[in-house]
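Geometric and topological summary
These are the residues of each chain, in order.
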Amino acid sequence: QVAQPRAAGASRAYAAAAQAALSVLESELDAIRTAGTWKGERVITSRQGPRISVDGSRGDILNFCANNYLGLSSHPEVVKAGIEALQKYGAGLSSVRFICGTQSIHKNLEEKLAQFHEREDCILYASCFDANAGLFEVLLGPDDAVLSDELNHASIIDGIRLCRAKRFRYKHMDLNDLEEKLKESQSSRLRLVVTDGVFSMDGDVAPLQGICDLAEQYGALVFIDECHATGFLGPRGRGTDELLGVMDRVHIVNSTLGKALGGAAGGYTVGPKALIELLRQRSRPYLFSNSLPPPVVGCATRAVELLLASNEIAQSMAAKTMRFRNNMTQAGFTISGTAHPICPVMLGDARLASLMADDMLKLGVYVIGFSYPVVPKGKARIRVQISAAHTDEDIDRAVDAFIQTGRKHGVIS
Ligand code: PLP
């Protein structure tokens, strides 16, 4: 049957209604601009690295805002492995894993990641966002409880929303409050304590020893998101659990291939074999989304191999981080967190953070202001991230630029 054309009057009414709906979006956009929280996107015209070219800025710019903690995003061996995987295995699979999207390289990377984290098994996802979206719904039912740090990453919050377990939110890194919530949830069948290993906006490290002690006392499991720890925290770069000596007491780890491990894309869960097998059967972002492309798998595999072979790269960043933190503190700035390469320069006001970041770019240093809703209102900051690929001179140039712009805007005297 052929669809009948709509009457001209009905079409005009529909067009007007659609226009009215879209104008609501315009006023929301205006509100974001007025609040000074608009997130612009600068366009990079080079590879990722400590020095980049940015559209509209002259010459090389020092880059202090990538999660490229180990400088592996453009490491020659990582890039070469990606090219070789592209040539041998093609651009992509045009399939999900369980239909015809599993190649030998996917299995090999899963094995290497399980080995790296010293866990039984691993499952790959297209991103850690997906790994977080796909875990909780499979693991936890209505008789279970999830106890989550209030500042956990958005993808954890979204993943928890998708599951039917009872939800308990404990105060940020507050062990007393966690214990209260463990007492409240005593009658649940299974309980899972969920925390970022490192909180990306503050660079603070979760108190995992205390969390594991409480979990053991109350019979709960422990999950950590290691996106800002995998590859460089701990003596061998295995993460927060290695740093704090609890690798055998944390049950499930989610992390990303999109930051320290080559920076391309991808995420994964490592943990007990039975859990990983169940995720392969039931986890929706795994079952209903394409396999990781071979070049991405090639790059990540080489990055993990480099870290399994030597802890030198993992160790190379710490001194640079302390150089930046100490010199900035001495200059009068407040830097949040402790020894982590995420160094948030606390400013408070959203517009100030954004103006200072613009001025830093004019001085050849690329940093980004973060404001609400990414961080709480009134806690705007410039988040500086140190990479193993930065030199001491790079660090000193960034500190000098901060001092110059900080004085201009009255942040320091
Ligand atoms: N978890 C945390 C703590 C993150 O910082 C991020 C990325 O910003 C993610 C999860 C998501 O990782 P991916 O980029 O692999 O989706």
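Residues numbered from 1 in each chain as written. Predicted model: local features only at pLDDT ≥ 70, side-chain atom pairs only at ≥ 80, totals over all residues. Heavy atoms only, no water.

The cut-off we apply is this: UniProt positions are given in the numbering used here, feature names are shortened, and annotations may be inferred rather than shown by experiment.
Going by what an unreviewed UniProt entry lists, the protein chain is known as 2-amino-3-ketobutyrate coenzyme A ligase, mitochondrial and is assigned to Cyprinus carpio. Per UniProt, the comment on the protein chain under Cofactor (unreviewed entry) is "pyridoxal 5'-phosphate". The heading Sequence similarities (unreviewed entry) in the UniProt record of the protein chain holds the text "Belongs to the class-II pyridoxal-phosphate-dependent aminotransferase family."

1. Structural notes on the pairing of strand β12 (residues 342-348)
Under the convention used in this document: Throughout this description, buried means an accessible area under 20% of the type-specific maximum (1.4 Å probe, protein chains only), exposed means over 50%, and partly exposed covers the range between. Only DSSP runs of H or I covering at least 4 residues are called helices, and only runs of E covering at least 2 are called strands; the numbering of each starts at the N terminus. We call two strands paired when DSSP finds no fewer than two bridges between them.
Burial of β12 is extensive: five of the seven residues sit out of reach of the surface. With six bridges connecting them, β12 and strand β15 (residues 380-385) associate as antiparallel partners. Residue pairing across strands places proline 344 opposite arginine 383, the latter belonging to β15.

2. A short note on the environment of threonine 195
Basically, it comes down to this: Contact definition: two residues touch when any of their heavy atoms are within 4.5 Å.
Tracing the backbone through its elements, the reader meets threonine 195 in strand β6 (residues 191-196). Remark: the alpha-carbon pair of threonine 195 and isoleucine 211, spanning 16 residues in sequence, is separated by 9.3 Å. Each residue touching threonine 195, except ones within four places of it in the same chain, is listed here: Asp149, Asn152, Tyr170, Ala206, Leu208, Ile211, Phe223, Ile224 and Asp225.

3. Concerning the sheet that holds β12
Rule in force here: A fitted line through C-alpha atoms represents every axis, and for helices the fit uses only the stretch in contact; the resulting angles, taken between N-to-C directions, go from 0 to 180 degrees.
Taken in spatial order, the three strands line up as β12-β15-β14 in an open sheet, and their pairing is antiparallel. Looking at which strands have only one partner, the edges of the open sheet turn out to be β12 and β14 (368-370). Across the sheet, the mean angle from the axis of one strand to that of its neighbour is 30 degrees, orientation sign disregarded. Both β14 and β15 contribute to a ladder of three bridges, which runs antiparallel.

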